[in-house]
Amino acid sequence: MSGTSIDGVDAVLADFSVPPCRSLAHEHGAFAPALRTELIALQQSGADELHRAALAANALMDACAAPVSALLARTGLDRKQVSAIGVHGQTIRHRPELGFTLQLANPARLAEATGITVVADFRSRDVAAGGQGAPLVPAFHAALFATADRHRVVVNIGGFANVTDLPPGGPVRGFDTGPGNILLDAWAQRHTGRLFDREGAWGAQGQSIPSLLAALRSEPYFALPPPKSTGRDHFHLRWLEHHLDAAFAPADVQRTLCRLTAQTIADAINAHCDKATEALICGGGVGNAALMRDLAEALQPRSVATTATLGVPVDQVEALAFAWLAREAIAGRPGNLPAVTGARGSRVLGAIYRA
Ligand SMILES: Nc1ncnc2c1ncn2[C@@H]1O[C@H](COP(=O)(O)OP(=O)(O)O)[C@@H](O)[C@H]1O
Ligand SMILES: [Mg+2]
């Protein structure tokens, strides 16, 4: 799994013999700076982009093959014992309203490199069926975390944040709330030179700017009803800059962006999952202590905990979900939830590249 943060690849070795699944091992492979820079550049049109995208896809697959080898070495398993690799690819365009979503990948290359069957391109079939192609993780969140007596929401905070609503007895629903870490990372990179604001410590030195927070929250996406999904096409530094005043101190802007992520997640839960009593948080955003404090406050009186408290480490949930989706594809079972994505019906997701 490599998400919109473009921080690297998370690989898990998932065992489905104990339902719904368990993780045997996890590897994170950070992207080399040149690959990261190119994957970010390819988010927008540019010179010779088809050629560059093909080369970046190859480099990305090599960056996925390495943690696969590491997982096998660490667990002592042979590649023949692995049924499949589910590879998400790197989203470089997400325009479901135009009928496409594009995840950069070269699954044939990964199958050759690993000798393992690869399942890829999970989103395009849902988009072709009129859906958003996202989020795809709610079915997996339901398999892991739904209960018969408690109304939970799962909140994944990656580059973008998505919520899965799990009322007892269903129906499962889910959607992207808006930016998770994406703006926090971009602003921190510009002003601190680091890839992200570790523990949220830099932003925590600032003060939230109420007028800026109000202006950012007035973005129409936040008020749209689900199903909805978003991405780097919509929220980026230029979107933020449009609302900025030269007088704002950088740390104050960072503090405000932290509040924006927490508040828009809480707004979405209040608007669409208001009966939920428990929030389970996962994704890299859990590492941002200031964000977690803001979220706990904004979600009151609900209980707020991480998925780790239920035995699923916060940085493995998404990768496990795509292992699970690969398994569904090979079994010929649908992976999307039409009520979540807005697709016309259930569809088997992904293309299979046999070993
Ligand atoms: N210790 C930390 N402190 C603050 N933020 C963190 C920390 N660890 C991870 N993050 C944030 O999480 C992001 C990665 O989250 P991840 O769940 O991998 O997102 P994605 O699925 O978009 O790749 C980083 O870019 C960073 O913003
Ligand atoms: Mg990531």
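Residues numbered from 1 in each chain as written. Chains lettered and ligands numbered in written order. Predicted model: local features only at pLDDT ≥ 70, side-chain atom pairs only at ≥ 80, totals over all residues. Heavy atoms only, no water.

Draft legend 1. Representation of the pattern of salt bridges within the structure. Counted under the stated rule, the structure contains 15 salt bridges. Across the salt bridge formed by D165 and R173, the nearest N and O atoms sit 3.6 Å from each other. With a closest N to O distance of 2.9 Å, R217 and D267 form a salt bridge. Of this pair, R217 sits in helix α8 (residues 210-217) while D267 sits in helix α10 (residues 250-272), and the two are 50 residues apart along the sequence. Residue class for D267 comes out partly exposed when judged on its relative accessible area of 27%. Three or more residues joined by partner-sharing salt bridges are found here, namely D149, R150, R152 and E278. (Salt bridge = Lys/Arg side-chain N within 4 Å of Asp/Glu carboxyl O. Helix = DSSP H or I, 4+ residues; strand = E, 2+ residues; numbered from the N terminus. Buried < 20%, exposed > 50% of the residue type's maximum accessible area, 1.4 Å probe, protein only.)

Draft legend 2. Representation of the side chain of H141. Along the chain, H141 turns up in helix α5 (residues 138-145). Exposure remark for H141: the relative accessible area of 0% places this residue in the buried category. Excluding residues that lie within four positions of it along the chain, H141 makes contacts with A146, V154, N162, T164, L166, V317 and E318. (Contact = heavy atoms within 4.5 Å.)

Draft legend 3. The sheet that holds strand β6 (residues 118-120), seen in detail. Pairing is mixed in the open sheet, where three strands are placed in the order β3-β6-β12. Looking at the sheet topology across the chains shown, the edges are occupied by β3 (85-86) and β12 (351-353). Inspection of the sheet shows β6 paired to β12 by three bridges, in the antiparallel sense. When the bridges of β12 are listed, V119 appears paired with I352. Contacting β3, β6 and β12, helix α3 (residues 107-114) crosses the sheet at an angle of about 160° to β6. (Pairing = 2+ DSSP bridges. Axes fitted to C-alpha atoms, helices over the stretch in contact; angles between N-to-C directions.)

Draft legend 4. How the structure looks around the sheet that holds strand β10 (residues 278-282). On the basis of which strands lie adjacent, the open sheet formed by five strands has the order β9-β8-β7-β10-β11 and mixed pairing. Either end of the sheet is taken by a strand with one partner, and the two such strands are β9 (173-179) and β11 (303-306). Taking each pair of neighbouring strands and ignoring which way they run, the sheet shows an average axis angle of 20°. In the sheet, strand β7 (residues 152-157) pairs with β10 via five bridges, with the strands oriented parallel. Counted as the bridge partner of R152 is E278 from β10. Along the sheet face, α10 touches β7, β8 (160-166) and β9 and points at about 150° away from the line of β9.

Draft legend 5. How the structure looks around the packing of α8 against α10. It is at 10 Å that the axes of α8 and α10 come closest, and there the two elements cross at 45°. When the axes of α8 and α10 are compared, the pair comes out oblique. The interaxial crossing formed by α8 with α10 has right-handed handedness. Side by side, α8 and α10 meet where L212, L213, L216 and R217 of the first sit next to V253, T256, L257, R259, L260, Q263, T264 and D267 of the second. Grouping the constituent residues of the contact of α8 with α10 by class yields six nonpolar, three polar and three charged. (Parallel < 35°, antiparallel > 145°, perpendicular 65-115°, else oblique. Left-handed = near helix turned anticlockwise from the far one by under 90°. Nonpolar A, V, L, I, M, F, W, Y, C, P; charged D, E, K, R; others polar.)

Draft legend 6. Focus on unusual backbone geometry. With an omega of -5°, the peptide bond between P19 and P20 qualifies as cis. Within the secondary structure layout, P20 lies in the loop between β1 (8-15) and β2 (22-30). In this model, A134 is joined to P135 through a cis peptide bond whose omega is -15°. In this fold, P135 is placed in the loop between α4 (124-128) and α5. Positive phi outside glycine occurs at D48, with the angle close to 55°. The topology assignment puts D48 in the loop between α1 (33-41) and α2 (49-75). Taking relative accessible area as the criterion, D48 reaches 52% and is therefore assigned exposed.

Function cannot be read off these values alone, since they describe shape.
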